Amino acid sequence: MEVNRRQFLKSIGLFTILGIGGWSAFELLVPGQIEAQYARKKEALRAKRWAMVIDMTKMDEEIAKKCIEACNKIHNIPDFYHPVDPKYKVDPKKARRWEIKWIWLEPFEHAFPDLEEKFMPESLKEKLFVVLCNNCDNPPCVRVCPTKATWKREDGIVMIDFHRCIGCRFCMAACPFGSRSFNWGDPRPYVNYRNPEFPTREKGVVEKCNFCAERIDQGLLPACVEASNGAIAFGDILDPNSEVRRLLREHYTIRRKPHLGTEPQVYYIIM
Amino acid sequence: MYDGGKVIIGLIVLFIICTFPFFYNMGRAAKAPEPKLDTPAIKKLPEWERVCVQPTPWMRANHMRLIDQWRNWALREANREYIGFNGKRYTISLQNTCLNCHSNYDKFCDECHSYMGIKPYCWSCHLQKPKEWAKGELKEGR
Amino acid sequence: MFEKALVGSKRYWTWVAFLLALTGIGAILYLWQLKVGLKITGMGRDVSWGFYIGNFTYLVGIAAGGVMVALPFYLHNYKAFGRIVVLGEFMAVAAVIMCLSFIIIDLGKPMRAFNVLFHPTPNSILFWDMVVLNVYLLLNIFVGWNALQAERNDVPPPTWVKVLAVFSVAWAPLIHIVTAFIYQGLPGRHYWLTAIMAPRFLASAFTSGPALLLVIALIIKRYTKFDPGEVAIQTIGKIVTYCIIINVAFFFFEVFTTIYSQIPGHMQHFKYLFFGIKGQGIMAPLMWISIIGMITASILLVIPGIRRNETTLALCCILVVISTWLDKGPGLMAGGFIPNPLHEIVEYWPTLPEALITLGVWALGFLILTVLYKIAISVHEEIEA
């Protein structure tokens, strides 16, 4: 059979692609399945939709700092402003750029930028508010993630899978609250509080508050809630008997930027 | 052959480059990997309890797939309990369950990985020596 | 036809060597960025996209701009564009490769880039951006290469090439619309949250793409025997003129809505860009150069005498390219992120490594452009002979 050179090269190319492609398809679509022997832990806390109510009347700066410290300690959050080893010292501008914050303090005008009034009570103007990821019910960050590395869990917590994140930072652009941080470099030299039970993160991935999902799944409350001495309530907003619902019934609460429709699930009792 | 000299020299150079690893390592057999199981946590257990979540041959072949599945179950489905082959229940966690018994990652995990020339980057995030790291006993912030 | 790129004058090889050197420097610095992380750039928690993504946004416009020469030729048989259309297609190829490069180097974990394919997420605009950019790249490679080859062999291009060419004309605006959608759907960024972002992008693409093509075509005419023809040059000049006027108009539409509505959250971004806020205004000089440049170019280009003189036309086009780059690259990024969602001002300026890596990607793009143009021009010279 006469095959000219052009046809021969074409068929070699075709068979190579089929061979490699076929094998890859096989590997991808029929991976070895592990028998699914797993379960929810009995002690795990369950809810249809987690929410948080922060009572700023019970929260003062001292308690707030304890909450922030509890979170930072549990999650190995790096502190670029105060490295223990002096050779890692960076100027404050860089520290501000590389900051990782899951929960932190902001004055009223930054936490609620559209609500600031010129003649509002001074105490409120100067008060420092605890801000964190709102774990929104209609999260724009989840909408934009190209790999589903961030997604909304069944119980409402917006999670990040650090293994899948490609570091595109689209979610950071999408978040209207500035709740997300990125690891611009390796954070480990700057981790001062060390928790051996939680991993650190690598350079190149985004991170944020996750309502302590790993603690909830083991039956514990979020670290900030535990440290807050009752100032932060955490519970199921769809359970009419929960602490959170009771507080929402009894007090008028505000949320950050509700007009954007992201349905933030952190409510603030401000006075 | 057109340009015969250059072609033959080129082929010889190619042959040398392709077979270089074999010649370089000739006569230097690397020691077979011997992952050590003599960690304090394992030694504390009675003999009959010294089993992993799955039998050893299965783990040897599938531990990477298991860890992958563990991540999806724990993170994406909030299911953090694994039922081992003998019915025992484990918390799904690389750092807290696996490394609890296998706390000597450099004499266990690294043994086979170095032999095979594999560098999994688990340890840039997961702490390979959690307790020492927490106490600040590791160098360079690691 | 690649062998055409391997023979050239001393000037050609010097230019290639220069571009290779710049690309090499960028590549070495990128290896450093891979090792150490994106902290070598000036980006931070508040301005999380910067020079890389700004340049990417501008270059998608350049890539889409090629359609302005393809559309009249393929859809309306505008024969005058016959010689320049292959230059437009090859410029689109180089521009899209630059775009993809900028995206890759901006990723925190580029080795996981394929996750976008393994876990397709149709609700994410970035997913669609990847799809449309890669399809456009393939379209332009196939159409440009085959059309050139057909011309070389003095046969009409096969029908499938013509079909793909028409398809690529429809696809080109799509790539820039999708890129605009990346920005205009984000609820927290009021500088970007406007429906006119896509039209603005298209207008600026259709002025900057042809403008850059025109400048390069005139440079090629100077140094080789390749002459796209006076009619082609003049028509492209007219396209650049109309589109820069539309671009300026769109900008003023934005300013009107913002200033007349007096909504502080929206005004802040324009105030920061053009005047600075509380002493922080590093972008102000650039933004004024941009808008004055665009207005000047619009006024000058309207004058037929200026367009007819190829030198002044080229200078105006360079002005268009620079002023649209300032508006769509650094200006777009700074405006979107500053002030941040908490209304704080944290400024951004690229670092030297970041700038050199960017320059390396531009050099890579121009290198690909040079090689492809060398092939196209050599083929044409062969045909003329």
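See the structure above.
Here's what I pulled together on the structure shown here. As the structure is a prediction and not an experimental result, all values here were calculated from the model.

1. Side note on the overall build of chain B
What chain B contains, in helices and strands, is six helices and two strands. Overall, chain B shows an N-to-C arrangement of helices and strands of α-α-α-β-β-α-α-α. Relative to the globule expectation of 14 Å for 142 residues, the C-alpha radius of gyration of chain B, 22 Å, shows a markedly less compact shape. With respect to the three principal axes, the spread of C-alpha positions in chain B is 70 × 35 × 35 Å. Residues classed as buried in chain B amount to 18% of the 142 residues present.

2. Concerning the interface of chain A and chain B
Facing the 27 residues of chain A at the interface are 26 residues of chain B. Considered class by class, the residues forming the side of chain A that touches chain B number 10 nonpolar, six polar and 11 charged. Pairing between strand E1 (residues 38-39) of chain A and strand E1 (residues 81-83) of chain B: two bridges, direction antiparallel. Looking at E1 of chain B, one finds that Ala39 of chain A is bridged to Glu81 of chain B.

3. Observations concerning the environment of Leu148 of chain C
Residues and elements named next belong to chain C. Following the sequence through the fold, Leu148 ends up in helix H6 (residues 125-152). Placed 92 residues apart in sequence, Leu148 and Phe56 show a C-alpha to C-alpha distance of 28 Å. In this structure, Leu148 is in contact with Met1, Val86, Ala376 and Val379, ignoring residues within four places of it in sequence.

4. Remarks on unusual backbone geometry
The peptide bond linking Ile338 of chain C to Pro339 of chain C adopts the cis configuration, its omega dihedral lying at -5 degrees. Positioned with a positive phi, Asn76 of chain A is a non-glycine residue whose angle comes to about 55 degrees. Mapped onto the fold, Asn76 of chain A is located in the loop between helix H2 (61-74) and helix H3 (92-98). A count of 25 C-beta atoms within 10 Å places Asn76 of chain A in the buried class. In this structure, Gln262 of chain C is a non-glycine residue whose phi angle is positive, near 60 degrees. Within the element layout of this structure, Gln262 of chain C appears in the loop between helix H9 (230-261) and helix H10 (264-275).

5. Here we look at the sheet that holds strand E10 (residues 266-269) of chain A
Residues and elements named next belong to chain A. With mixed pairing, the three strands of this open sheet are ordered in space as E9-E2-E10. The outermost strands of the open sheet, each flanked by one partner alone, are strand E9 (232-236) and E10. Neighbour-to-neighbour, the strand axes of this sheet turn through a mean angle of 20 degrees, independent of strand direction. Against the sheet, helix H10 (residues 243-250) contacts strand E2 (50-55), E9 and E10, and its axis sits at roughly 115 degrees relative to E9.

6. A word on the pairing of strand E4 (residues 128-132) of chain A
Residues and elements named next belong to chain A. With four of five residues buried, E4 is to be regarded as a mostly interior element. Sheet topology note: the strand E3 (residues 103-107)/E4 ladder contains five bridges and is antiparallel. By the bridge assignment, Glu106 is partnered in E4 with Phe129.

7. Comments concerning H9 of chain C
Residues and elements named next belong to chain C. Given a rise of 1.5 Å per residue, 32 residues ought to cover 46 Å, and the 47 Å separating the end C-alpha atoms of H9 matches this to within 8%. Along H9, the positions that sit buried rather than exposed are Ala232, Ile233, Ile236, Gly237, Ile239, Val240, Thr241, Cys243, Ile244, Asn247, Val248 and Thr258. Residues of H9 that are buried sit in contact with helix H3 (67-76), helix H8 (197-223), H10, helix H11 (284-302), helix H12 (304-308) and helix H13 (310-328). Where H9 ends, the next residue or the one after it, Gln262, has phi of about 60 degrees, a positive value.

8. Description of the arrangement of the chains
By contact count, the dominant pairing among the two pairs of chains in contact is that of chains A and C. Over all C-alpha pairs, chain B and chain C never come within contact, reaching a minimum spacing of 12 Å.

Cut-offs and rules
Numbers given to residues run from 1 along each chain, matching the order in which its sequence is written. All chains are assigned letters beginning with A, and all ligands numbers beginning with 1, in the order in which they are written. Where local features are concerned, this predicted model is filtered to residues with pLDDT of at least 70; where side-chain atom pairs are given and counted, the filter is 80 or more; whole-chain, interface and lining totals use all residues. Helix and strand assignments follow DSSP, with helices taken as H or I runs no shorter than four residues and strands as E runs no shorter than two, numbered in order from the N terminus. Note on method: radius of gyration uses C-alpha positions; expected globular size equals 2.2 Å times residues raised to 0.38. With C-beta atoms placed from the backbone, a residue is labelled by how many other C-beta atoms lie within 10 Å of its own: buried for 20 or more, exposed for 12 or fewer, partly exposed between the two. We call two residues in contact whenever the C-beta atoms placed from their backbones are within 7 Å. Gly counts as polar in this scheme, as do all residues outside two lists: the nonpolar Ala, Val, Leu, Ile, Met, Phe, Trp, Tyr, Cys and Pro, and the charged Asp, Glu, Lys and Arg. One bridge is not enough; two strands pair if DSSP finds at least two bridges between them. Here an angle of 0 to 180 degrees is reported between the N-to-C directions of two axes, which are lines fitted to C-alpha atoms, with helices fitted over the stretch in contact. Helices are assigned an expected span. That span is 1.5 Å times one less than the residue count.

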